[in-house]
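Here are the chains, one letter per residue:
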Amino acid sequence: MNTKKHLFQLRPLALFAGMLASLTTSSLLAQNAVPGFIEAETFNAMSGVQTEICSEGGLNVSYIDTGDWMEYAINPVAAGAYTVDLRVACPSSGGTVRFMSGSTELGTLTIPVTGGWHTWTTISSTLNLAAGNQTIRLDVVSGGWNLNWIRFMDSRASPESPWDNASGSGNWNTSDT
């Protein structure tokens, strides 16, 4: 048996393992640009939620219960106030979500009753965000609703937007560009 051959074959493997070990967890997380659009199912971490086929296409986050959470890696281009839109559906009881950055509460949004698990509406709030890479957590205070997407817009920007807000689809409106 040629042990030299086997040793040679293991070296690239050891080198690759060493390269992987040198990467930090934060460098592996996708950083979502803010302002920007995030599909809800692209969370970096979560507890308790699931995904399902969405009536608006793609997937949505579902089975959202009290105590669940989702984390998203974001990268605001500048510190300041951002409008955050959530595309939600809630059949009967309404809900509440709290936005967290570490132990700091950024804001709370009430989820309205929309009449169905896939009867969508867009709700908004304003959050003050620091510039740069960070993780934002959506803590579910009261569940019983679905989430399709999250959109961050600079609150100081013009109300005119290249997003197709009329349908709430989150699709880029190319008729204005």
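Reading guide: rules and limits
Residues numbered from 1 in each chain as written. Predicted model: local features only at pLDDT ≥ 70, side-chain atom pairs only at ≥ 80, totals over all residues. Heavy atoms only, no water. Helix = DSSP H or I, 4+ residues; strand = E, 2+ residues; numbered from the N terminus. Contact = heavy atoms within 4.5 Å. Areas by Shrake-Rupley, 256 points an atom, 1.4 Å probe, with all protein chains shown as cover. Pairing = 2+ DSSP bridges. Core = buried A, V, L, I, M, F, W, Y, C linked by side-chain atoms within 4.5 Å. Buried < 20%, exposed > 50% of the residue type's maximum accessible area, 1.4 Å probe, protein only. Salt bridge = Lys/Arg side-chain N within 4 Å of Asp/Glu carboxyl O. pLDDT = per-residue confidence, 0-100. Phe/Tyr/Trp six-rings, centres within 6.5 Å; stacked < 30°, edge-to-face > 60°. Lys NZ or Arg CZ within 6 Å of the ring centre and 35° of its normal.

*Asks:* Could you give an account of the overall build of the protein chain, with specific residues and numbers?
*Replies:* When its secondary structure is counted, the protein chain shows 2 helices and 12 strands. In the protein chain, the order of α-helices and β-strands from amino to carboxyl end is α-α-β-β-β-β-β-β-β-β-β-β-β-β. Partitioning the contacts of the protein chain with sequence separation of at least 6, the portion at a separation of at least 24 is 70%. As displayed, the protein chain offers around 9,600 Å² of accessible surface, 56% of which is attributable to carbon and sulfur atoms.

*Asks:* A description of the pairing of strand β4 (residues 50–53) should follow, citing residues and the corresponding values.
*Replies:* One face of the sheet, then the other: side chains in a regular strand alternate in exactly this way. When β4 meets strand β5 (residues 59–64), the two strands line up antiparallel, connected through 4 bridges. When the bridges of β5 are listed, Ile53 appears paired with Leu59. Connecting the antiparallel pair β4 and β5 is a turn made up of 5 residues, with Gly57 showing a positive phi of about 105 degrees.

*Asks:* Explain the nonpolar core to me, and be specific about the residues and the numbers.
*Replies:* Grouped together as the largest cluster of nonpolar side chains are 28 residues, with contacts concentrated most on Tyr72, Leu86, Leu147 and Phe152. Broken down by secondary-structure element, the contributors of at least two residues to this core are β5, β6 (69–76), β7 (80–89), β8 (95–101), β9 (104–111), β10 (120–129), β11 (134–142) and β12 (145–154). Excluding residues within four positions of it along the chain, Leu147 makes contact with Ala40, Asn60, Val61, Ile64, Met70, Tyr72, Leu86, Arg87, Val88, Trp120 and Leu138.

*Asks:* So what's going on with the pattern of salt bridges? Residues and values would help.
*Replies:* The final tally for this structure, using the stated rule, is 5 salt bridges. A salt bridge links Asp85 to Arg151, with the nearest nitrogen and oxygen atoms 2.9 Å apart. Of this pair, Asp85 sits in strand β7 while Arg151 sits in strand β12; the two residues are 66 residues apart in sequence, bridging distant segments of the chain. Look at Asp85 and you get buried, because its relative accessible area is 3%. As a salt-bridge pair, Arg98 and Glu105 come within 3.6 Å of each other at their nearest N and O atoms. According to the relative accessible area criterion, Glu105 is partly exposed, its value standing at 45%. In this structure, a network of salt bridges that share partners links the residues Glu71, Arg137 and Asp139.

*Asks:* Describe the confidence of the model for the protein chain, with residues and values.
*Replies:* Of all residues in the protein chain, 71% have pLDDT values of 70 or greater, and the mean over the chain is 81. When the elements of the protein chain are averaged for pLDDT, helix α1 (residues 3–22) gives the smallest value, 42, and β5 the largest, 98.

*Asks:* Let's hear about the packing of aromatic side chains: which residues, and what values?
*Replies:* Evaluated as defined, the whole model comprises 1 aromatic pair. Over the aromatic face of Trp69 sits the side chain of Arg137, whose NZ or CZ is 3.7 Å from the ring centroid.

*Asks:* I'd like a rundown of unusual backbone geometry, residues and numbers included.
*Replies:* For the bond from Val34 to Pro35, the omega torsion is 5 degrees, close enough to zero to count as cis. Within the element layout of this structure, Pro35 appears in the loop between β1 (32–34) and β2 (36–39).

*Asks:* Just give me the short version of the environment of Glu105, but keep the residues and values in it.
*Replies:* One can find Glu105 in strand β9. Sequence separation between Glu105 and Ile136 is 31 residues, and the spatial gap between their C-alpha atoms is 9.9 Å. Discounting residues that sit within four places of it in the chain, Glu105 has contacts with Arg98, Phe99 and Met100.

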